[in-house]
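# Topology and contacts: notes
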Amino acid sequence: MIVAKFGGSSLSDAKQFQNVRRILEAEPARQYIVVSAPGKRDDADQKVTDLLIACHQLAHKGEAIYPVYSVVEQRFAQIADALGLENYLNTELLDIGHAIQGGASHAFTASRGEYLSALLMAKWLDRPFVDAAALLRFAAGKLDEEATSQAVRRTLSSQEGAVIPGFYGSDGQGGIHVLSRGGSDTSAACIAAALDAELLEIWTDVTGFRAADPRIVPDAQYIASLTYRELRELSYMGASVLHEDAVFPVRTAGIPTSIRNTGNPLHPGTTITYHSQTRVPVVTGIAGKKGFSIIVLEKNRMNDEVGFARKVLAVFERHGISFEHLPTGIDALCVMVMTSAFAPKREAVLQEIHEAVSPDSVHTEDRIALVACVGVGMFRQYGTAARLITAVSEQGIGIRTMLQAPSELSIILGVDEENLDKTVNAIYDAFIRT
Ligand code: ASP
């Protein structure tokens, strides 16, 4: 049994609803369908969820929601009409409009895009609609995984299949709660985990993960399979197709996730599994991120001074700055942080470091980019680091720092920001291009 989630871009118009039906007809195991609210049809368009949030703001200020709410009504009416389901959502749309104007909560309002989208999809597919308010349970504003799992099993296991709205749930007393933006992935992952699905499919507008950002390597190949840990490394470094946090329930349950393209359903996309599936390539993917600063401290005989790093890190902690990496030398310590977090507090942090550990010298450097080469097989192969350094150096790029933890599955290079694209290309050519 497969749980299939369709994102906003996969539901943006009637043609996409037709694509969804074809995808489901092609595989009867796709029984439970989780849907987002209709997304953008093109760059100039607006997401239904954004329109609804704007309606809530208008109602909150005591203004008429109609100018914006009518756009929501039109979006749904256009889809319904084109599918031959004229007037199907009229009463619901009217009631919801009144509720929002009458002061309904932010969460209720924001969640209505998914609610309406699922109602329409259920009718279009002729499958039962099950409200997410009966499935996803929140306690103290947070998703209650255990209660959710029980509610999902109780409600859905007797059902052959269903269409379920993503993004929201309830506190059990009827109060609606929403997940963070883009949260329908998590809704689907909760349902897949509770029902012990064989697979979670995330249908979207891209054909899976690519081995590098196509804005940097235009012909970067698609990655057929990836582990959850590799996904985490790549998304930490900025790859944005799917964040591992969003699908934590299936990762914990050991259920694979597949990223598929609604516009190109024959492409197998990327499958993410707990354990590596393939004959492991040395580097699975490369991702890079700008915006790091390094603070380099030097002090003679630093290595003898117990507690030196702790005192330095306590300064960052007091200022609420989390450190990203901590490369050290014998008499040098380098704290790597996001510039956006560090820059506003730079003077105070440096001053307090002086007071805390009296270093011989401290200097900071901004505009550092990190490039991560990720691959579970990297350390089983001799000479990976040597090949990596050679490939980058041959392009005349200076490596500012290099990070490799023995148990990890990535090597991270620090380079000047202007060298980011060149570095990614050099590594791609050396390890992935065939
Ligand atoms: N519709 C919601 C959003 O725009 C949730 C989702 O699509 O996952 O964030």
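Going by the structure above, here's the rest.
We now turn to the structure provided with this report. (Residues numbered from 1 in each chain as written. Predicted model: local features only at pLDDT ≥ 70, side-chain atom pairs only at ≥ 80, totals over all residues. Heavy atoms only, no water.)

## Structural notes on the nonpolar core
Within the largest apolar cluster, 123 residues are counted, with the highest numbers of intra-cluster contacts made by Leu156 and Ile164. No other element matches the 11 residues that helix α5 (residues 106-125) contributes to this core. Beyond its immediate sequence surroundings of up to four residues, Leu156 is in contact with Tyr32, Val130, Leu135, Ala162, Ile164, Ile191 and Leu195. Met302, Phe308, Phe316 and Val337 belong to the second largest nonpolar core, which has 16 residues in total. (Core = buried A, V, L, I, M, F, W, Y, C linked by side-chain atoms within 4.5 Å. Buried < 20%, exposed > 50% of the residue type's maximum accessible area, 1.4 Å probe, protein only. Helix = DSSP H or I, 4+ residues; strand = E, 2+ residues; numbered from the N terminus. Contact = heavy atoms within 4.5 Å.)

## Examining the site of the ligand
Near the ligand the following residues occur: Ser36, Lys47, Thr49, Glu114, Phe167, Arg181, Gly182, Gly183 and Ser184. Within the side chain of Arg181, one N or O atom sits 2.7 Å away from an oxygen atom of the ligand. Interatomic distance of 3.0 Å between a side-chain N/O atom of Ser184 and an oxygen atom of the ligand. Its residues assigned to classes, the shell around the ligand comprises 1 nonpolar, 5 polar and 3 charged. (Near = heavy atom within 4 Å. Polar contact = N/O pair within 3.5 Å; in protein donor to acceptor, adjacent residues only side chain to side chain. Nonpolar A, V, L, I, M, F, W, Y, C, P; charged D, E, K, R; others polar.)

## Observations concerning the packing of aromatic side chains
On inspection of all chains with the given rule, the structure shows 3 aromatic pairs. Their ring planes at 15° and their centres at 5.8 Å tell us that Phe6 and Trp203 sit as a pair that is stacked. Residue Phe6 is found in strand β1 (residues 2-6), and its partner Trp203 is found in strand β8 (residues 199-204); the two are separated by 197 residues along the sequence. A single burial state applies to Phe6 and to Trp203, both of which are buried. A centroid spacing of 5.6 Å and a plane angle of 90° characterise the contact between Tyr115 and Phe129, whose relative ring orientation is edge-to-face. Of this pair, Tyr115 sits in helix α5 while Phe129 sits in the loop between α5 and β3 (138-139), placing them 14 residues apart in sequence. (Phe/Tyr/Trp six-rings, centres within 6.5 Å; stacked < 30°, edge-to-face > 60°.)

## What about the sheet that holds strand β15 (residues 361-374)?
The 6 strands are arranged β13-β14-β12-β15-β17-β16 in an open sheet whose pairing can be described as antiparallel. Only two strands of the sheet have a single partner each, and these edge strands are β13 (323-325) and β16 (401-403). Averaged over all adjacent pairs, the angle separating strand axes in this sheet is 40°, with direction ignored. Alignment of strand β12 (residues 285-298) against strand β14 (residues 332-338), held across 7 bridges, turns out to be antiparallel. Across the sheet, Leu297 pairs through a bridge with Leu333, a residue of β14. Most of the contacts of helix α13 (residues 384-393) go to strand β17 (residues 410-416), to which it runs at about 20°, and overall it touches β15, β16 and β17. (Pairing = 2+ DSSP bridges. Axes fitted to C-alpha atoms, helices over the stretch in contact; angles between N-to-C directions.)

## What about the state of the cysteines?
Simply put, disulfide is the name for a covalent bond between the sulfur atoms of two cysteines. Using the criterion set out here, one finds 0 disulfides in the structure. With no disulfide of its own, Cys373 lies closest to Cys334 among cysteine sulfurs, the gap being 18 Å. By relative accessible area, Cys373 is classed as buried at 1%. (Disulfide = S-S within 2.5 Å.)

## Describing the side chain of Ser36
Its location among the elements puts Ser36 in the loop between β2 (30-35) and α2 (48-60). Polar side-chain contacts of Ser36 include one of 3.4 Å to the side chain of Ser184. Among all residues touching Ser36, those that are not within four sequence positions of it are Lys5, Phe6, Gly7, Gly8, Leu11, Glu114, Ser117 and Ser184.

## Some thoughts on the sheet that holds strand β10 (residues 257-261)
With mixed pairing, the 7 strands of this open sheet are ordered in space as β5-β2-β1-β8-β10-β11-β9. Unpaired on one side and paired on the other, β5 (162-165) and β9 (225-227) mark the two borders of the sheet. Put simply, the sheet's adjacent strands are angled 20° from each other on average, direction ignored. Across the sheet, α5 lies against β2 and β5, angled at about 165° from β5, the strand it touches most. Docked against the sheet, helix α7 (residues 184-194) engages β1, β2, β5 and β8, running at close to 170° with respect to β1.

## Brief notes about the side chain of Glu230
By the secondary structure assignment, Glu230 is in helix α8 (residues 228-236). Judged by relative accessible area, which is 3%, Glu230 ranks as buried. Excluding anything up to four places from it in sequence, Glu230 contacts Thr284, Val374, Gly375, Val376 and Leu409.

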